[in-house]
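Breakdown of the fold
So the chains spell out like this:
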Amino acid sequence: MNTYTAEVNRIQDLTHDVRAIELRLLDPPTMSFKAGQFVSFEVPKEGQPRPVTRPYSIASPPEQQDRILLVLNLVQGGPGSSYLFSLREGERTSCKGPAGAFYLRDDGTKDLLFVATGTGIAPMRSMILTQLQRQPDRPVTLFWGLRSQRDLYWQDELAMLVAAHPRLTVVTTLSRPEPGWQGASGRVTALVEERIASVRNLAVYLCGGSGMIKDVTARINAKGLCPIYREKYYDE
Ligand SMILES: Cc1cc2nc3c(=O)[nH]c(=O)nc-3n(C[C@H](O)[C@H](O)[C@H](O)COP(=O)(O)OP(=O)(O)OC[C@H]3O[C@@H](n4cnc5c(N)ncnc54)[C@H](O)[C@@H]3O)c2cc1C
Ligand SMILES: NC(=O)c1ccc[n+]([C@@H]2O[C@H](COP(=O)([O-])OP(=O)(O)OC[C@H]3O[C@@H](n4cnc5c(N)ncnc54)[C@H](OP(=O)(O)O)[C@@H]3O)[C@@H](O)[C@H]2O)c1
């Protein structure tokens with residue numbers, strides 16, 4: 001692991017509480033990482049003498065080595081997300097990384113299923129972009145669970161990827177849609193239950209809260225044995 005000094009290159013508000021932050025690496029100027037890995041920030045926490053560490057997945061693909069993209073939701077009063085939301089374009093920060101065992105395996109023969117809730121999409125974006133380059137002919141499915149229309153982002157980018165890659169399937173499902181939603185409704189668990197016929201030739205990647213990871217793991221296991229790679233963001 002290295003310590004990186006970086007400059008905030010671009011900030012983009014994606015929803016009412018989700019922000020994308022692009023960091024341009026200054027020293028060292030490039031990072032070599034595996035799709036799915038994370039970087040960590042040490043941030044001050046009120047009432048504590050020492051900083052606390054908060055990890056954030058890299059959402060950009062490893063082929064882009066001089067800049068990394070983070071995507072995170074604001075947790076009111078949370079030291080990690082409050083610190084990152086306080087950064088402004090042009091400001092400097094530092095992080096450690098890359099780290100993590102949740103990364104895209106070189107698993108040439110398997111179809112891939114990615115299941116994310118909320119900002120659990122971050123490592124999936126890096127992995128899917130990498131996989132589509134590596135093996136454009138292998139089937140890839142993404143199920144992404146959000147609450148309602150106001151929580152949607154990256155839908156245009158995903159639609160463009162689907163248009164360019166016939167073997168890519170993306171379903172964004174809303175658990176609490178407002179009237180007028182034409183897409184899938186309910187939790188990602190229901191999509192796994194209903195739309196995954198067999199796990200015989202599948203590798204599964206899960207990222208989000210502990211409840212989703214537990215429930216989806218159980219649904220997959222009930223269908224048979226296959227590799228399941230998991231990144232838990234928080235305990236419910
Ligand atoms: C390997 C790893 C990678 C991660 N990558 C990302 C990422 O790319 N984007 C991202 O938004 N978060 C990510 N997280 C979560 C992140 O590290 C922080 O836990 C999160 O930003 C909350 O920290 P905080 O200090 O602001 O809030 P804290 O005071 O630590 O509050 C945590 C509480 O906030 C709630 N919460 C709301 N949203 C989240 C969330 N996304 N993650 C965790 N808890 C949440 C939960 O109820 C949790 O109990 C990752 C976590 C891990 C372990
Ligand atoms: N996003 C918001 O508007 C919001 C608002 C207040 C607080 N928070 C808190 O912020 C944290 C994270 O927010 P988030 O936006 O990343 O996540 P989230 O809003 O809690 O959930 C994202 C999606 O995951 C689904 N989900 C939850 N448990 C699941 C399970 N066991 N299996 C399958 N799907 C499951 C949710 O469905 P359900 O809707 O059915 O739960 C929702 O569709 C949580 O602690 C949340 O309580 C979020």
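Calculation notes
- Per chain, the residues get numbers from 1 upward, laid out in the order the sequence is written.
- Lettering for chains starts from A, numbering for ligands starts from 1, and both go in the order in which the items are written.
- Whole-chain, interface and lining totals are the exception, using all residues; otherwise, since this is a predicted model, local features are given only for residues with pLDDT of at least 70 and side-chain atom pairs are given and counted only at 80 or more.
- Side-chain numbers here rest on the full set of heavy atoms in the structure, without hydrogens or water.
- Each helix is a run of H or I in the DSSP string that is no shorter than four residues. Each strand is a run of E no shorter than two, and both are numbered from the N terminus.
- Partly exposed describes any residue whose relative accessible area lies between the buried limit of under 20% and the exposed limit of over 50%, with all areas from a 1.4 Å probe on protein chains only and scaled to the type maximum.
- Between two residues, a contact is recorded if the distance between any of their heavy atoms is within 4.5 Å.
- Areas reported here follow the Shrake-Rupley algorithm with a probe of radius 1.4 Å; residue values treat only the protein chains shown as occluding.
- Residue ranges assigned to the domains are those given by an automatic or database domain assignment.
- What gets called buried area is simply the loss in accessible area from a 1.4 Å probe that two parts show on being joined, summed for both.
- The salt bridge definition used is simple: a Lys or Arg side-chain nitrogen within 4 Å of an Asp or Glu carboxyl oxygen.
- Note that Gly is not counted as nonpolar here; it falls among the polar residues with everything else outside the nonpolar set of Ala, Val, Leu, Ile, Met, Phe, Trp, Tyr, Cys and Pro and the charged set of Asp, Glu, Lys and Arg.
- Whether a residue is near a molecule or strand depends on its heavy atoms: it is near if one of them lies within 4 Å of it.
- Identification of polar contacts relies on pairs of N or O atoms within 3.5 Å, with a donor-acceptor requirement for protein atoms, meaning one able to donate a hydrogen and the other able to accept it, and with residues adjacent in sequence counted only if both atoms are side-chain atoms.
- In summary, the pairing rule links any two rings of Phe, Tyr or Trp, Trp by its six-membered ring, whose centres are within 6.5 Å, and it sorts them by plane angle into stacked for under 30 degrees, edge-to-face for over 60 and tilted for everything else.
- Interaxial angles span 0 to 180 degrees and are taken between N-to-C directions of axes, which are lines fitted to C-alpha atoms, for helices over the stretch in contact.
- Under this scheme an angle from 65 to 115 degrees is roughly perpendicular, one under 35 degrees roughly parallel, and one over 145 degrees roughly antiparallel; angles in between are oblique.

Looking only at helices and strands, the protein features five helices and 12 strands. Along the longest, intermediate and shortest principal axes, the C-alpha atoms of the protein span 50 × 40 × 30 Å. The buried share among the 236 residues of the protein stands at 48%. Long-range contacts, defined as pairs at least 24 residues apart, comprise 71% of the intrachain contacts of the protein with a sequence gap of at least 6. About 11,900 Å² of surface is accessible on the protein, with carbon and sulfur atoms providing 46% of the total.

What follows concerns the side chain of Glu22. As for its placement among the helices and strands, Glu22 is situated in strand β2 (residues 18–27). Judged by its relative accessible area of 14%, Glu22 falls in the buried class. When neighbours within four sequence positions are excluded, Glu22 is seen to be in contact with Glu7, Val8, Asn9, Arg10, Gln64, Arg67, Ile68 and Leu69.

Once that is clear, we can look at the domain arrangement of the protein. By the assigned domains, the protein splits into domain 1 (2–99) and domain 2 (111–234). Computed from C-alpha atoms alone, the centre-to-centre distance between domain 1 and domain 2 is 24 Å. Domain 1 puts 20 residues into the contact, and the matching count from domain 2 is 16 residues. In this assembly, domain 1 packs against domain 2 so that about 1,400 Å² is buried in total across both faces, 60% of it on carbon and sulfur atoms. The largest per-residue losses of area from domain 1 upon contact with domain 2 belong to His16, Ser57 and Val71, which jointly make up 30% of the total buried on that side. At the junction of domain 1 with domain 2, the criterion picks out zero salt bridges. The class makeup of the residues in the side of domain 1 that touches domain 2 is 12 nonpolar, six polar and two charged.

Further remarks concern the site of ligand 2. Looking at ligand 2, there are 16 residues lining it, with Arg147, Ser175, Arg176, Arg187 and Asp215 nearest. In the environment of ligand 2, an oxygen atom lies 3.0 Å from a nitrogen or oxygen atom belonging to the backbone of Leu146. Across the complex, the protein chains shield 72% of the 840 Å² of accessible surface that ligand 2 would expose by itself. Within the residue set of the shell around ligand 2, elements represented by two or more residues are β8 (140–146), α4 (188–195) and α5 (210–223). Looking at the shell around ligand 2, its residues break down into four nonpolar, six polar and six charged.

A separate point is the packing of aromatic side chains. The description of an aromatic ring pair rests on the distance of the ring centres and on the angle between the ring planes. With the rule as written, the count across this model stands at seven aromatic pairs. Taking the centre distance of 5.2 Å and the plane angle of 25 degrees together, the rings of Phe114 and Tyr205 count as stacked. Of this pair, Phe114 sits in strand β7 (residues 111–117) while Tyr205 is found in strand β11 (residues 202–209), placing the two residues 91 residues apart along the sequence. We classify Tyr205 as buried; its relative accessible area is 0%.

Let us now look at the site of ligand 1. Taken together, 19 residues are adjacent to ligand 1, and Arg54, Pro55, Tyr56, Gly80 and Ser81 come closest. Separating an oxygen atom of ligand 1 from a side-chain N or O atom of Tyr56 is a distance of 2.7 Å. One of the backbone nitrogen or oxygen atoms of Gly78 is found 3.4 Å away from an oxygen atom of ligand 1. Notes on ligand 1: free accessible area 860 Å², of which the protein chains cover 76%. Every element with two or more residues in the shell around ligand 1 is listed here: β4 (52–57), β5 (67–73), α1 (79–86) and β12 (228–234). Per-class residue counts for the shell around ligand 1 are 10 nonpolar, six polar and three charged. In this structure, the shell around ligand 1 is formed jointly by two domains, domain 1 (2–99) and domain 2 (111–234), each of which donates at least three residues.

Glancing now at the packing of α4 against α5. Remark: α4 packs on α5, axes separated minimally by 9 Å, with the N-to-C direction vectors making an angle of 10 degrees. With respect to their mutual orientation, α4 and α5 come out roughly parallel. Of the residues in α5, those in contact with Val188, Thr189, Val192 and Glu193 of α4 are Met212, Asp215, Val216, Arg219, Ile220 and Lys223. Residues of the contact of α4 with α5, tallied by class, amount to five nonpolar, one polar and four charged.

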